[in-house]
Amino acid sequence: MEGSSGQNNTYAKGLEGVIAAETEIGFVDGQEGRLVYRGYDITTLCDNSNYEEVSYLLNYGKLPNRKEMNDYLEKMKANSEIPESTYEIIEKFGRKTHPMVTLRTVISNLASYDPQESDSSIENQRRIAISITAKMPAIVGAIHRTIQGKDIIKTKSELSYAGNFLYYALGRNPDSVETKIMDTALMLHADHGMNASTFSSLVTISTLADIYSATTSAISTLKGPLHGGANERALKMIMDIGSPDRAGPYLEAMVARKEKIMGFGHRVYKVYDPRAKILKKYAAYISEKSEKKNIFETANKVEEIMINKLGEKGIFPNVDFYSGMIYYSMGLSPEIFTPIFALGRISGWTARSLEYLQSNKLFRPKALYVGEKGPKSYISIQERQ
Ligand code: CMC
């Protein structure tokens, strides 16, 4: 509704419920607990597909045939070379810098090697999308090595996307079960409706900036604890609790202090997050295998208490509750959990940015002005109190 002041008075805090774009890429059914990528249920994809196929699906609209898959993998391989300055930044920032700060800096820096970054044609921006995606496993892996105070692995690995990441991060070839679990986690994180980081990337691309800029915006937005940062905090809480018998009093105290329990609740899902359901199964398996069974048992108790307490309010575990303990059980440090989220989400960010660019409209909403209308007279600085 247009007010007399020329302001649209329809206002939704946090844009809750506002439809900001059309998409064919994916949707989240918060009531049924479904996540769909281009018509495929996430459970179908996790049971049958892999991250590379899902990345293609999101970005090109269909599952690839054999030739299309091979071409996509060839392009990824050809773009996987990391500039030396990327490693220098990662080493220089080292452990003292938040890994999401390092990640956004190195992605932004990649643009300085690309004389074509400003050409906003779809073909060129698609080229950039592939180039960034192809470099992500080695970049996130290298950041993890510096966090652990270890040397960066620069020897090329030719495993899958998930396998390469684990190789660069852990400095060893992962086994097939670890690779499958990481591959699944990355598929589950690849896209998720109009979440805050995806929206950021769309706002940036809508100015006809480039995919480097859109991805840098998205990474900055993902950094916050209400979005990508919750998995690290969820694991920390479970470790603080320490054992199932301590979960009750610990949670009572948090609820009494009106603190949010990390890894629970969601803006869209009001039932059990389907991603958490898939990850829970793997969390049980891998925590037992790595002798961290106590962490899973404690988490399971936290889930039981929380669902009893807050389930009727629509608060259930979300994807971040079980992902952290899976990564930790694999030997990954908690500081790298949010960059792993980005490692998966990169395909959703690029797919949605490219989709938006094809029928672009600059994002330019309004703010409801609630300040003084004036006009006030100007008082010089000498006379101001
Ligand atoms: N623990 C305890 N109470 C909660 C929680 C929680 N984790 N989440 C929501 N509530 C309560 C909240 O206190 C409020 O209660 P009341 O109506 O009595 O004031 C009610 O539920 C609604 O909460 P809200 O924060 O207004 O709802 P929202 O839609 O803005 O919240 C959320 C979504 C994810 C920000 C919130 O659930 C939260 O802060 N969760 C913890 C952080 C977290 O796990 N984030 C990861 C989200 S999943 C990753 C992703 O997909 O990006």
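Residues numbered from 1 in each chain as written. Predicted model: local features only at pLDDT ≥ 70, side-chain atom pairs only at ≥ 80, totals over all residues. Heavy atoms only, no water.

**Student:** Sorry, what's going on with the overall build of the protein here?
**Tutor:** The secondary structure content of the protein amounts to 16 helices and three strands. Here the C-alpha atoms of the protein give a radius of gyration of 22 Å, agreeing with the 21 Å that 2.2 N^0.38 yields for 385 residues. Projected onto the principal axes, the alpha-carbon positions of the protein cover approximately 70 × 55 × 50 Å. Sequence separation of at least 24 residues holds for 74% of the intrachain contacts in the protein that already meet a minimum separation of 6. Here the protein has roughly 18800 Å² of accessible surface; of this, 51% comes from carbon and sulfur atoms. Where the 48 positive side-chain charges of the protein centre and where its 45 negative ones centre are 4 Å apart. (Helix = DSSP H or I, 4+ residues; strand = E, 2+ residues; numbered from the N terminus. Rg over C-alpha atoms; globule rule 2.2 N^0.38 Å. Contact = heavy atoms within 4.5 Å. Areas by Shrake-Rupley, 256 points an atom, 1.4 Å probe, with all protein chains shown as cover. Lys, Arg positive; Asp, Glu negative; His and termini not counted. Charge placed at Lys NZ, Arg CZ, Asp CG, Glu CD.)

**Student:** Please explain the site of the ligand as it appears in this structure.
**Tutor:** Around the ligand, a shell composed of 18 residues is seen, among which His227, Lys260, Ile261, Phe264 and Lys313 lie nearest. Histidine 266 places a side-chain nitrogen or oxygen 3.1 Å from an oxygen atom of the ligand. Burial of the ligand by the protein chains amounts to 69% of its free accessible area of 930 Å². Here the shell around the ligand spans two domains, and each of domain 1 (42-227 + 342-357) and domain 2 (230-329) adds at least three residues to it. (Near = heavy atom within 4 Å. Polar contact = N/O pair within 3.5 Å; in protein donor to acceptor, adjacent residues only side chain to side chain. Domains from an automatic or database assignment.)

**Student:** What am I meant to see in the domain arrangement of the protein here?
**Tutor:** It is common to report an interface's size as the accessible area lost on association of the parts. Domain assignment breaks the protein into domain 1 (42-227 + 342-357) and domain 2 (230-329). Placing the centre of domain 1 and that of domain 2 at their C-alpha centroids yields a distance of 27 Å. At the interface, 16 residues of domain 1 touch 17 residues of domain 2. For the pair domain 1 and domain 2, the summed buried area comes to about 1500 Å², and 70% of that belongs to carbon and sulfur atoms. On the domain 1 side of the contact with domain 2, Ile181, Leu188 and His192 bury the most area, a combined 37% of that side's loss. The tally of links between domain 1 and domain 2 comes to one salt bridge. When the shortest N-O distance is used, the salt bridge between lysine 289 and aspartate 175 registers 3.2 Å. Counting the contacts that link domain 1 with domain 2 gives two residue pairs in polar contact (both at pLDDT 80 or more). The element that contributes the greatest number of residues to the side of domain 1 that touches domain 2 is helix H8 (residues 176-189), accounting for eight residues. Across the side of domain 1 that touches domain 2, the residue classes tally to eight nonpolar, five polar and three charged. (Buried area = accessible area lost by both parts, 1.4 Å probe. Salt bridge = Lys/Arg side-chain N within 4 Å of Asp/Glu carboxyl O. Nonpolar A, V, L, I, M, F, W, Y, C, P; charged D, E, K, R; others polar.)

**Student:** In this structure, what is going on with the sheet that holds strand E2 (residues 34-37)? I would like to understand it.
**Tutor:** Strand pairing in a sheet relies on backbone hydrogen bonds, with the paired strands running either antiparallel or parallel. If you trace the three strands from one edge of the open sheet to the other, you get E1-E2-E3, paired in antiparallel fashion. Every other strand in the sheet has two partners, leaving strand E1 (26-29) and strand E3 (40-41) as the edge strands with one partner each. Of the pairings in the sheet, the one linking E1 to E2 comprises four bridges and is antiparallel in character. Following the sheet pairing, phenylalanine 27 is matched in E2 by valine 36. (Pairing = 2+ DSSP bridges.)

**Student:** For this particular structure, what's the right way to read the environment of aspartate 175?
**Tutor:** By the secondary structure assignment, aspartate 175 is in the loop between helix H7 (161-170) and H8. Residue class for aspartate 175 comes out partly exposed when judged on its relative accessible area of 31%. Linking aspartate 175 and serine 353, residues 178 residues apart in sequence, is a C-alpha distance of 34 Å. Within polar-contact distance, the side chain of aspartate 175 engages the backbone nitrogen of valine 177 at 3.0 Å. (Buried < 20%, exposed > 50% of the residue type's maximum accessible area, 1.4 Å probe, protein only.)

**Student:** In this structure, what is going on with the pattern of salt bridges? I would like to understand it.
**Tutor:** Should their charged atoms come close, side chains of opposite charge can pair. Tallied over the entire structure, the rule returns 19 salt bridges. Here glutamate 259 ties to arginine 257 by a salt bridge, and the two come within 2.5 Å at their closest N and O atoms. Salt-bridge contacts for lysine 293 lead to glutamate 297; the nearest nitrogen and oxygen are separated by 3.9 Å. Of the two residues, lysine 293 and glutamate 297 both sit in helix H14 (residues 293-310), four residues apart, roughly one turn of that helix. For lysine 293, a relative accessible area of 39% gives the class partly exposed.

**Student:** Looking at this structure, how should I read the environment of histidine 266?
**Tutor:** Turning to its location among the elements, histidine 266 is positioned in the loop between helix H12 (244-256) and helix H13 (274-289). In the structure, histidine 266 is positioned 39 residues away from histidine 227 in sequence and 9.9 Å away in space, judged by C-alpha atoms. Each residue touching histidine 266, except ones within four places of it in the same chain, is listed here: His192, Arg275 and Asn318. A distance of 3.3 Å separates a polar atom in the side chain of histidine 266 from the backbone nitrogen of tyrosine 269.

**Student:** What exactly am I supposed to notice about a nonpolar patch on the surface here?
**Tutor:** A cluster of nonpolar side chains, contributed by Tyr11, Leu368 and Val370, occupies part of the molecular surface with about 340 Å² of accessible area. Here tyrosine 11 lies in the segment before E1. (Patch = residues over 30% accessible without salt bridge, like charges linked within 9 Å, V, L, I, M, F, W, Y side chains within 5 Å.)

**Student:** How should I be thinking about helix H15 (residues 319-329) in this particular structure?
**Tutor:** One full turn of an α-helix is made of 3.6 residues, so residues set three or four places apart face in the same direction. Across the eleven residues of H15, ten count as buried, placing the element largely inside the fold. Here H15 has its buried residues at Val319, Asp320, Phe321, Tyr322, Ser323, Gly324, Met325, Ile326, Tyr327 and Ser329. Buried positions along H15 lie against H8, helix H11 (230-241), H13, H14 and helix H16 (337-358). Sitting at the head of H15, asparagine 318 places a side-chain oxygen 2.9 Å from the backbone nitrogen of aspartate 320.

**Student:** So what exactly am I meant to see when it comes to the packing of aromatic side chains here?
**Tutor:** For any pair of aromatic rings, the description rests on two quantities: the centre-to-centre distance and the angle between the ring planes. Applying the stated rule across the entire model yields twelve aromatic pairs. Between the aromatic rings of tyrosine 60 and tyrosine 72, the centroid separation amounts to 5.8 Å while the plane-to-plane angle is 80°, which identifies the pairing as edge-to-face. You can see tyrosine 60 sitting in helix H2 (residues 51-60) and its partner tyrosine 72 sitting in helix H3 (residues 66-78), a full twelve residues away along the chain. On the basis of relative accessibility, which here comes to 4%, the residue tyrosine 72 falls in the buried class. Between phenylalanine 199 and phenylalanine 363 the ring centres are 5.3 Å apart and the planes differ by 80°, which places this aromatic pair in the edge-to-face class. Highlighted residues: phenylalanine 199 in helix H9 (residues 196-205) and phenylalanine 363 in the segment after H16, separated in sequence by 164 residues. With a relative accessible area of 18%, phenylalanine 363 lands in the buried category. Taking the ring centre of tyrosine 60 as reference, the NZ or CZ of arginine 126 above it sits at 4.7 Å. (Phe/Tyr/Trp six-rings, centres within 6.5 Å; stacked < 30°, edge-to-face > 60°. Lys NZ or Arg CZ within 6 Å of the ring centre and 35° of its normal.)

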